[in-house]
Amino acid sequence: MSIIGIVLNVLLATLLMAALGMGWRLNRRLQALRDSHDGFAIAVRELNTAAERAEQGLADLRAATDEATDVLGDRIEKGRALAARLDGLIQTGRSTARPVAQPEADPAAERRLGALLAAAREGRGQPDRLAPRAPLALHATIDPEDDLFEDAPLTLDGHRGARR
């Protein structure tokens with residue numbers, strides 16, 4: 001009996017040691033899993049923070065773009081109004097202006113001016129009323145105090161800069 005008792009005690013001790021070893025390895029694996037879970041939670045928090053910053057940046061960009069679009073729209077309208085005034089001066093000047101001797105015109109400058117006028121008319125949806133002709137000198141005065149664009153120009157950061 002005593003040998004059977006000793007063998008059973010050794011067998012139980014061996015089983016207990018095996019259970020303790022497995023428990024210790026299982027504990028290490030669980031600790032590694034907890035650490036990876038904590039790292040994952042930190043990564044998710046950082047991604048959420050980055051997403052919030054990106055959303056804020058997009059909102060700022062949309063606001064700046066909307067403001068720039070409004071400013072450009074206003075300036076385009078002012079340009080169209082000035083083009084209409086210029087067309088009126090040209091039409092009025094044709095009936096009352098007397099031709100003045102012109103210095104020899106630069107053909108490249110005339111082509112650029114013609115292209116600009118055509119683009120302005122096209123942008124307003126009006127047909128080209130002026131056929132290509134010899135340059136006509138008009139005695140029209142432009143008030144130097146007349147500020148064509150009262151708004152200060154935009155800078156790269158989206159704010160209005162000081163006028164020069």
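Enquirer: Help me understand the overall build of the protein chain, please; the structure alone is not making it clear to me.
Expert: The helix and strand inventory of the protein chain stands at 2 helices and 0 strands. Across the 164 residues that make up the protein chain, the buried fraction comes to 5%. Considering only intrachain contacts with a sequence separation of at least 6, the fraction spanning at least 24 residues in the protein chain is 69%. If you sum the accessible surface of the protein chain, you get close to 13,900 Å²; carbon and sulfur atoms cover 63% of it.

Enquirer: Please explain a negative patch on the surface as it appears in this structure.
Expert: Taken together, the side chains of Asp66, Glu67, Asp70 and Asp74 present a region of like negative charge at the surface. Judged by relative accessible area, Asp66 falls into the partly exposed class, the value being 48%.

Enquirer: Even after reading the chapter, I still don't get the packing of aromatic side chains, so can you show me in this structure?
Expert: Two aromatic rings are characterised by how far apart their centres lie and by the angle between their planes. For the structure on display, the rule yields 0 aromatic pairs. Sitting above the plane of the Trp24 ring, Arg28 keeps its charged end 4.4 Å from the centroid.

Enquirer: Got a minute to help me understand the pattern of salt bridges in this structure?
Expert: Side chains that differ in sign of charge can pair as their charged atoms come close. Per the stated rule, a full pass over the model turns up 1 salt bridge. Salt-bridge contacts for Glu77 lead to Arg80; the nearest nitrogen and oxygen are separated by 3.4 Å. Of this pair, Glu77 and Arg80 both sit in helix α1 (residues 2-96), separated by 3 residues, roughly a single helical turn. Since its relative accessible area comes to 47%, Glu77 is described here as partly exposed.

Enquirer: How should I be thinking about a nonpolar patch on the surface in this particular structure?
Expert: Nonpolar side chains collect at one region of the surface, where Met1, Ile4, Leu8, Leu11, Leu12 and Leu15 lie side by side and expose about 680 Å² of accessible area between them. Following the sequence through the fold, Met1 ends up in the segment before α1. With relative accessibility at 83%, the residue Met1 sits in the exposed group.

Enquirer: How should I be thinking about the confidence of the model for the protein chain in this particular structure?
Expert: For any part of a model where pLDDT is low, the fine detail of the predicted coordinates should not be relied upon. For the protein chain, per-residue confidence averages 77 on the pLDDT scale, and residues scoring 70 or more make up 67% of the total. This model gives residues 135-140 a pLDDT under 50, and the stretch forms 15 contacts once residues within four places in sequence are excluded.

Parameters at a glance
- Residues numbered from 1 in each chain as written.
- Predicted model: local features only at pLDDT ≥ 70, side-chain atom pairs only at ≥ 80, totals over all residues.
- Heavy atoms only, no water.
- Helix = DSSP H or I, 4+ residues; strand = E, 2+ residues; numbered from the N terminus.
- Buried < 20%, exposed > 50% of the residue type's maximum accessible area, 1.4 Å probe, protein only.
- Contact = heavy atoms within 4.5 Å.
- Areas by Shrake-Rupley, 256 points an atom, 1.4 Å probe, with all protein chains shown as cover.
- Patch = residues over 30% accessible without salt bridge, like charges linked within 9 Å, V, L, I, M, F, W, Y side chains within 5 Å.
- Salt bridge = Lys/Arg side-chain N within 4 Å of Asp/Glu carboxyl O.
- Lys, Arg positive; Asp, Glu negative; His and termini not counted.
- Charge placed at Lys NZ, Arg CZ, Asp CG, Glu CD.
- Phe/Tyr/Trp six-rings, centres within 6.5 Å; stacked < 30°, edge-to-face > 60°.
- Lys NZ or Arg CZ within 6 Å of the ring centre and 35° of its normal.
- pLDDT = per-residue confidence, 0-100.

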